[in-house]
Amino acid sequence: MTDSNGTAKASPGAMPRSSGAPKPGGSIQPPKPHATPGQAQHPHPVVVPTVTDPSAWGRVDEDGTAWVKTADGERQVGSWQAGDAAEGLAHFGRRFDDLATEVALLEARLAAGADARKTKAAAVALAESLPTAAVIGDIEGLAKRLAAIAEHSEEAAAHAKEEKDRARHEHTERKEALCAEAEKIAAESTQWKAAGDRLREILDEWKSIRGVDRKVDDALWKRYSKAREAFNRRRGAHFAELDRERAAAKTRKEELCVRAEELSGSTDWVGTAGIFRDLLAEWKAAGRAPREADEALWRRFKSAQDVFFAARNAAVTERDAEFDQNAAAKEELLKAYEHIDPANGLEAARAALRELQDKWDAIGKVPRERMQELEGKLRAIEKRVRDAVDAQWRRTDPEAMARAAQFRERVAQFEEQAAKAQAAGKARDAEKALEQAKQWREWAEAAEGAVTNR
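Given the structure is predicted, the values throughout are model-derived calculations rather than measurements.

Overview of the overall build of the protein chain
Alright, step 1. On a plain count of helices and strands, the protein chain comes out with 11 helices and 3 strands.
Alright, step 2. For the protein chain, the succession of helices and strands along the chain, N to C, is β-β-β-α-α-α-α-α-α-α-α-α-α-α.
Alright, step 3. Considering the protein chain as a whole, with its 454 residues, one finds that 33% of them fall into the buried category.
Alright, step 4. In the form shown here, the protein chain has an accessible surface area of approximately 27,700 Å², with 52% of it arising from carbon and sulfur atoms.

Remarks on the environment of Leu-203
Alright, step 1. Examined against the element boundaries, Leu-203 turns out to sit in helix 4 (residues 192-208).
Alright, step 2. C-alpha separation for the pair Leu-203 and Arg-228, spaced 25 residues apart in sequence, amounts to 9.8 Å.
Alright, step 3. Beyond its immediate sequence surroundings of up to four residues, Leu-203 is in contact with Trp-221, Tyr-224 and Arg-228.

Details of the environment of Val-212
Alright, step 1. Examined against the element boundaries, Val-212 turns out to sit in the loop between helix 4 and helix 5 (214-263).
Alright, step 2. Distance in space between the C-alpha atoms of Val-212 and His-169 is 7.6 Å, their sequence separation being 43 residues.
Alright, step 3. Filtering out sequence-adjacent residues up to four positions away, Val-212 remains in contact with Arg-168, His-171, Thr-172, Lys-175 and Asp-217.

Some thoughts on the pattern of salt bridges
Alright, step 1. Using the criterion set out here, one finds 34 salt bridges in the structure.
Alright, step 2. The partner of Arg-200 in a salt bridge is Asp-197, with the nearest N and O atoms 2.2 Å apart. In this pair, Arg-200 and Asp-197 both sit in helix 4, 3 residues apart, roughly one turn of the helix.
Alright, step 3. The exposure class assigned to Asp-197 is partly exposed, which follows from its relative accessible area of 25%.

A word on the sheet that holds strand 1 (residues 58-60)
Alright, step 1. Across the sheet, which stays open at both edges, the 3 strands sit in the order 1-2-3 with antiparallel pairing between neighbours. The two strands at the open ends of the sheet, each matched to only one other strand, are strand 1 and strand 3 (73-79). When strand polarity is set aside, the average angle formed by the axes of neighbouring strands in this sheet is 20°.
Alright, step 2. Bridge count for strand 1 against strand 2 (residues 65-70) is 3 bridges, and the pairing is antiparallel. Residue Gly-58 lies in a different strand from strand 2, and its bridge partner there is Val-68.

As for the pairing of strand 2
Alright, step 1. Counting the residues that bridge the hairpin from strand 1 to strand 2 gives 4 residues, and of these Gly-64 lies at a positive phi of roughly 95°.
Alright, step 2. Pairing analysis gives 6 bridges linking strand 2 to strand 3, with the strands arranged antiparallel. Pairing of Ala-66 across the sheet is with Gly-78, part of strand 3.
Alright, step 3. The hairpin formed by strand 2 and strand 3 contains 2 residues between the paired strands.

Regarding the nonpolar core
Alright, step 1. Among the nonpolar cores identified, the biggest contains 27 residues, and Val-60, Phe-92, Leu-99, Ile-136, Leu-142, Leu-146 and Ile-149 are the most heavily contacted of them.
Alright, step 2. Ranked by the residues each element gives to this core, the list is headed by helix 1 (residues 85-111), at 8 residues.
Alright, step 3. Residue contacts for Leu-99: discarding those within four places in its chain leaves Leu-126, Leu-130, Ala-133, Val-135 and Leu-142.

Observations concerning the environment of Met-371
Alright, step 1. On the secondary structure map, Met-371 appears in helix 9 (residues 368-395).
Alright, step 2. Along the primary structure Met-371 and Ala-327 are separated by 44 residues, whereas in three dimensions their C-alpha atoms are 8.3 Å apart.

A closer look at the packing of helix 5 against helix 6 (residues 269-285)
Alright, step 1. At a minimum axis separation of 10 Å, helix 5 and helix 6 run at an interaxial angle of 170°. One element, helix 5, and the other, helix 6, form an angle in the roughly antiparallel class. Judged by the twist between their axes, the crossing of helix 5 over helix 6 is left-handed. From helix 5, Arg-252, Lys-253, Leu-256, Cys-257, Arg-259, Ala-260 and Leu-263 reach across to helix 6, where they touch Thr-272, Ile-275, Phe-276, Leu-279, Glu-282 and Trp-283.

Focus on the packing of aromatic side chains
Alright, step 1. Summed over the entire model, instances satisfying the criterion amount to 12 aromatic pairs.
Alright, step 2. Between Trp-192 and Phe-231, the ring centres sit 5.7 Å apart and the planes meet at 40°, which makes this aromatic pair tilted. Placement of Trp-192 in helix 4 and of Phe-231 in helix 5 is noted, with a sequence separation of 39 residues between them.
Alright, step 3. Judged by relative accessible area, Phe-231 falls into the buried class, the value being 0%.
Alright, step 4. Among the aromatic side chains, those forming a connected cluster through ring pairs are Trp-269, Phe-276, Phe-308 and Phe-309.
Alright, step 5. Above the plane of the ring of Trp-440 lies Arg-410, whose end atom (NZ or CZ) is 5.2 Å from the centre.

A closer look at the side chain of Thr-172
Alright, step 1. Locating Thr-172 in the fold gives a position in helix 3 (residues 139-188).
Alright, step 2. Among the residues examined, Thr-172 registers a relative accessible area of 14% and is labelled buried.
Alright, step 3. With near-sequence residues (within four places) excluded, Thr-172 lies in contact with Val-212, Val-216 and Leu-220.

Concerning helix 6
Alright, step 1. Under the 1.5 Å per step criterion, the end-to-end length of helix 6 is 24 Å for 17 residues, consistent within 8% with the ideal 24 Å.
Alright, step 2. Among the residues making up helix 6, those that are buried are Thr-272, Ala-273, Gly-274, Phe-276, Leu-279 and Trp-283.
Alright, step 3. Following helix 6 by one or two positions, Gly-287 adopts a phi angle in the positive range, close to 85°.

Brief notes about a negative patch on the surface
Alright, step 1. A cluster of acidic residues, Glu-62, Asp-63, Asp-84 and Glu-87, forms a negative patch on the protein surface.
Alright, step 2. Along the chain, Glu-87 turns up in helix 1.
Alright, step 3. On the accessibility criterion, Glu-87 (40% relative accessible area) is partly exposed.

Some words on the side chain of Ser-264
Alright, step 1. Relative to the helices and strands, Ser-264 resides in the loop between helix 5 and helix 6.
Alright, step 2. There is a polar contact of 2.8 Å between the side chain of Ser-264 and the backbone oxygen of Glu-261.
Alright, step 3. Those residues within four positions of Ser-264 in sequence are excluded, and the remaining contacts are Phe-276, Ala-304, Val-307 and Phe-308.

What counts and what doesn't
- Residue positions are counted from 1 within each chain, in the order its sequence is given.
- pLDDT decides what is reported in this predicted model: residues at 70 or higher carry local features, side-chain atom pairs at 80 or more are listed and counted, and totals for whole chains, interfaces and linings draw on all residues regardless.
- Note that water and hydrogens are dropped before the side-chain values are worked out from all heavy atoms of the structure.
- A run of H or I in DSSP counts as a helix once it spans at least four residues, and a run of E counts as a strand once it spans at least two, with each numbered from the N terminus.
- Only protein chains enter the calculation, and the probe is 1.4 Å; a residue is then buried if its accessible area is under 20% of its type maximum, exposed if over 50%, and partly exposed in between.
- Accessible surface area values rest on a Shrake-Rupley calculation with a 1.4 Å probe, where residue burial reflects the displayed protein chains alone.
- Between two residues, a contact is recorded if the distance between any of their heavy atoms is within 4.5 Å.
- We define a salt bridge as a contact between a side-chain nitrogen of Lys or Arg and a carboxyl oxygen of Asp or Glu at a distance within 4 Å.
- Criterion used throughout: strands pair if DSSP finds at least two bridges between them.
- Interaxial angle, 0 to 180 degrees, is taken between N-to-C directions of lines fitted to C-alpha atoms, where a helix line uses only the stretch in contact.
- Residues grouped as a nonpolar core are buried Ala, Val, Leu, Ile, Met, Phe, Trp, Tyr and Cys residues, joined through side-chain atoms within 4.5 Å.
- Should an angle fall under 35 degrees it is called roughly parallel, over 145 degrees roughly antiparallel, and 65 to 115 degrees roughly perpendicular, with every other angle called oblique.
- Two helices crossing with the near one rotated counterclockwise from the far one by less than a right angle form a left-handed crossing, whereas a clockwise rotation gives a right-handed crossing.
- The aromatic pairing rule takes the rings of Phe, Tyr and Trp, using the six-membered ring of Trp, and pairs them if the centres are within 6.5 Å, calling planes under 30 degrees apart stacked, those over 60 edge-to-face and the rest tilted.
- Only lysine NZ and arginine CZ atoms are considered, and such an atom sits over a ring when it is within 6 Å of the ring centre and within 35 degrees of the ring normal.
- To estimate how far a helix should reach, multiply one less than its number of residues by 1.5 Å.
- For patches, a residue must show more than 30% relative accessible area and have no salt bridge; joins then use 9 Å for like charges and 5 Å for nonpolar side chains, namely Val, Leu, Ile, Met, Phe, Trp and Tyr.
- Charge counting treats Lys and Arg as positive and Asp and Glu as negative, with His and both chain ends excluded.
- The atoms used to mark charge sites are NZ of Lys, CZ of Arg, CG of Asp and CD of Glu.
- Residues adjacent in sequence count toward polar contacts only when both atoms are side-chain atoms; beyond that, a polar contact is any pair of N or O atoms within 3.5 Å, and within protein one must be able to donate a hydrogen and the other to accept it.

If you want it as structure tokens, here you go:
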């Protein structure tokens, strides 16, 4: 060991050189500034110098005085009293190695993008200690390396500040975008689950973003929190309203179930079927009740509906069978009365038709698809008899005969007036009366002809 003046007090053992530490006599180039994010980072590698004999940079006299070479000449760095001169030279060489190692570490820190300000301060402090350092080695080389570290530290610090400012700007913009998205969700979204999940994702991303100005970050956080609270309130109000609507729907559907059960035993097939259609429309309009209740109420409603329609279907099946029998009976009836012919006696035909109609009505209804066919055959028989009756009436119409007689009386009246006017010498009046008599005579003949031709 040596004192503060470099004088050796004991004979130290050989100090092991640090593995990988730079050795005196080599040169180390200053590192390039740290690359910007998004670019490949290629810090300048730390060059490990080759091992150089300390004797190239100084000497130890036989009396133990240690000297180091500088640009200004030799400088005494200490005294070695713990062994021979060679051991002293090695000792002061190892002390130089320790300084060189510190310089290499600072270069490595700068190359790795560590705190440039602290790196510069350490380099300046180490450079200030070199003129009095009790070492033997390339002190001028170390001084140049430390100067390079200080110089590039300023560049690195400026670059780091730029990077920090850029990152702060980008992170601020990202948080502003997240705020805007959260506010849009809070104001517009009705996809409650997806929107809630997205707000949680925004929060997770928010926590991962660092380096935003404190005041700005606080203001943006308030915006995000306000948006999230607004969304939660709106979502809560929606589901509260939905719960109220579902409770109202449940009450209404329970009422519809009671009504359906009351109607399930009805035999008014047509009217009740219409009411059930209306009830089903009301059911759909009532909205959804809570899920389990809604499913149970639907089973209850449908069960009542099925009871009615099953009974109606059974009744319809029975009715259809009866209608088929009625159709067969009417076919037989038509065959039995197809002989009706007014030409063989109008009154007999009319009596037979009345008998047919009475029996027809007594049989009852037939299937809808057979109705037109069977009614058409009946109408044909009715038409034959009706046409015959109409023809007879036209031939014996007393009103038509009376009108013809009245026309003849008017003819006689005008002829009598013409005779009296002629006797009185009123030729013009006589002529006019005769013309009127002629017109009435034509009408009388037409009326008589119509009755005769029926």
